[in-house]
Amino acid sequence: MSSGQTLLTIFAFVLLTTTLNNFYRLLGISGDDISSGQDGILATTIATSYMEIAQGLAFDEQTDTSDAALYDLNVLTDPYNMGYDIADEDSIQDFNDFDDFDGFIFEKEASGTGRQYATQFSVNYVSEGDISEVSNSRTYLKRMDMKTWRTFPPAPKADTLRLSLVQGYFHFD
Amino acid sequence: MTAIMDVLVSFIIGGILLMIILTANDIAAENNTVYNGDMLVQEMLISTCQVLEGELRNMGFGVAETVTTIVEADSGAISFLTDLDRNGTVETVRYYIGPTSELHNTQNEGDRLLHRTVNAGTVSSIGAVTIFDLSFLTQQGDLLPRPVPLARLSEIHTVEVTIEVQNPYAPLNPMGDNPQALFSSSLWQQTRLASQNTRR
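Residues numbered from 1 in each chain as written. Chains lettered and ligands numbered in written order. Predicted model: local features only at pLDDT ≥ 70, side-chain atom pairs only at ≥ 80, totals over all residues.

Trainee: Where do I start with the pairing of strand β1 (residues 105-110) of chain A in this structure?
Mentor: The side chains of a regular strand alternate between both faces of the sheet. Residue and element names in this part refer to chain A. Both β1 and strand β2 (residues 115-126) contribute to a ladder of 6 bridges, which runs antiparallel. Considered in β2, the bridge of E109 is made with Q116. Hairpin connection between β1 and β2: a loop of 4 residues separates the two successive antiparallel strands, and G112 in this loop has a positive phi of roughly 95°. (Pairing = 2+ DSSP bridges. Helix = DSSP H or I, 4+ residues; strand = E, 2+ residues; numbered from the N terminus.)

Have a look at this one:
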C-alpha cells in the first residue's frame, strides 16, 4: 500500500468516524427528548394533583371559618403575609385555604419509578382586570404559581414545568 | 505479491467498514422502533387518562352532602356517584381493570383492558394498561386498607391513581441468552379529591 493510499484510507476512516459520531449523538438526543416527554407527563400529573388539592380549599382563612358572605376586602389575609396561618396548618393535609401553599417546597416520589419531583409554590393576589399582574393589595382573586422539576435522578437537561392556578372568591347566598 | 497484499488489506478494511455500517444500521433500526414505541405508549396513556381524569374530576358532582360519593374502593376498581349529564339524576360510574386473558393474543403478557360502566350497563373499554392502581387516603393522609370497608368509604378524602401503559408489541433485544422484548412504558400518577366541595 502506497503512502497515498494509506492517507486516503485514514481520511475515509476519519470521515466515517465523524459521520457515526453525529449519527449516535442524534440518536442520543432523540432518546433524551422522549425521556423528557415522560418526565413532562409525571411532572404535570404531580403539579395537577396539587392543583386539585388547592381547588378544594377555601379562598381565604376568613372564608374557611365563616359562612357569611364577605363584603370587606380588608378582612382577607394580608398580601405580605401569605402562607399557613397557625402552626397546626404547616403540612399539606392541614391546609385549609388557598394561600397556605405560599412559600412551600414539596418533594414527591412517583412510586414505581424512583424519580423524585420538587414543587415550589408562590401565592399572590392578582389584579381583577389582568390576572397576569400581581397585586400588592387585597383582591378577590389569588393566583398560585407552581414550579415543578425533577430532583432525583438529576435530569440531564434542567427543565422546569411552570403552571398557574387562579382562584376567585364566590359565595352562594 | 504487493498487489495481493493490497487486495487483502482492502478486503479487511472494507469488511471493517461494512461491519461498522451494519451495526450502526441495526442500532438505528432498534432505536427507531423503541422511540416509536415510547411515543405510542405516551399517546395511549394520555388518551386513556384524559377520559379517566375528566370523570374523576367530576366525582361527587350533583351528589347530596349526606351521601357518600365513593361506593366501591379497591386497588383495581372504583365506583363513584356523579351527575354525568347534569339532569339532576345521579349515576354510578365504575372503572375496573380486566384480566390479562382479555389481551392474551398480544406479545405483552401484562397488558389488560381498563373498563368503564355506567349504572352497571354496557361495558366499554377505554384503553389498554399494564398497571391500574388506586390508593385511598383520609383527610389526614392516612392510607386506607384495600378494599376499603363499607363503613370507612366516607373517610376517603383523596384518591391516588397510578396508571402504566406499555406497548402491546416490541422488538426483541438480541443480546443475551434469553432475548427479552424491549417494551416501552409510560407512567401517570395523580391525586384526585373524592369531593370538590369539602372545604368551600
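What follows picks up the thread again.
Trainee: What is the right way to read the nonpolar core from this model?
Mentor: Nonpolar side chains tend toward joint burial in soluble globular proteins. By size, the foremost hydrophobic cluster in this structure holds 51 residues, and its most contacted members are I156, V159 and I163 of chain B. Examining the composition of this core, we find that 6 residues originate from one element, helix α1 (residues 3-55) of chain A, more than from any other. Once residues within four sequence positions are removed from consideration, V159 of chain B is found in contact with L56, I78, L134, F136, R192 and A194 of chain B. (Core = buried A, V, L, I, M, F, W, Y, C linked by C-beta atoms within 7 Å. Buried ≥ 20, exposed ≤ 12 C-beta atoms within 10 Å, placed from the backbone. Contact = placed C-beta atoms within 7 Å.)

Trainee: It is not clear to me how the pairing of β2 of chain A should be interpreted in this structure. Could you clarify?
Mentor: Residues and elements named next belong to chain A. Summarising the sheet, β2 and strand β4 (residues 141-152) pair through 10 bridges and their orientation is antiparallel. Following the sheet pairing, A118 is matched in β4 by W149. Bridge count between β2 and strand β3 (residues 134-135): 2 bridges; the pairing is antiparallel. Its bridge partner being in β3, V126 is matched across the sheet by V134.

Trainee: How should the interface of chain A and chain B be read in this particular structure?
Mentor: Contact with chain A, which involves 29 residues of that partner, is made by 29 residues of chain B. Ranked by the residues each element gives to the side of chain A that touches chain B, the list is headed by α1 of chain A, at 18 residues. Looking at the side of chain A that touches chain B residue by residue, the classes come out as 12 nonpolar, 15 polar and 2 charged. (Nonpolar A, V, L, I, M, F, W, Y, C, P; charged D, E, K, R; others polar.)

Trainee: How should I be thinking about the environment of V75 of chain A in this particular structure?
Mentor: All names here are of chain A. Structurally, the position occupied by V75 is in the loop between α2 (61-65) and β1. Spatially, the C-alpha atoms of V75 and T113 are 45 Å apart, while their sequence positions differ by 38 residues. Apart from residues no more than four positions distant in its own chain, V75 is found in contact with Q62 and L70.

Trainee: Quick question: what am I supposed to make of the packing of α1 of chain A against helix α1 (residues 2-57) of chain B here?
Mentor: Packed helix pairs are specified by the crossing angle of their axes together with the interaxial distance, meaning the distance between the axes. One way to put it is that α1 of chain A packs onto α1 of chain B with a least axis distance of 11 Å and a crossing angle of 10°. With respect to their mutual orientation, α1 of chain A and α1 of chain B come out roughly parallel. Seen from above, α1 of chain A lies across α1 of chain B with left-handed handedness. Listed contacts from α1 of chain B to T9, L16, L20, F23, L27, S30, G31, I34, G37, Q38 and I41 of chain A of α1 of chain A are I13, L17, I20, A24, A28, N31, Y35, D38, M39, Q42 and L45 of chain B. Its residues assigned to classes, the contact of α1 of chain A with α1 of chain B shows 14 nonpolar, 7 polar and 1 charged. (Axes fitted to C-alpha atoms, helices over the stretch in contact; angles between N-to-C directions. Parallel < 35°, antiparallel > 145°, perpendicular 65-115°, else oblique. Left-handed = near helix turned anticlockwise from the far one by under 90°.)

Trainee: I tried to follow α1 of chain B on my own but got confused; where do I start?
Mentor: Over its 56 residues, α1 of chain B runs 80 Å from end to end, which matches the ideal 82 Å to within 8%, given 1.5 Å per residue. Among all positions of α1 of chain B, only V34, G37, D38, V41, Q42, L45, T48, C49, L52 and L56 of chain B are buried. (Expected span 1.5 Å × (residues − 1).)

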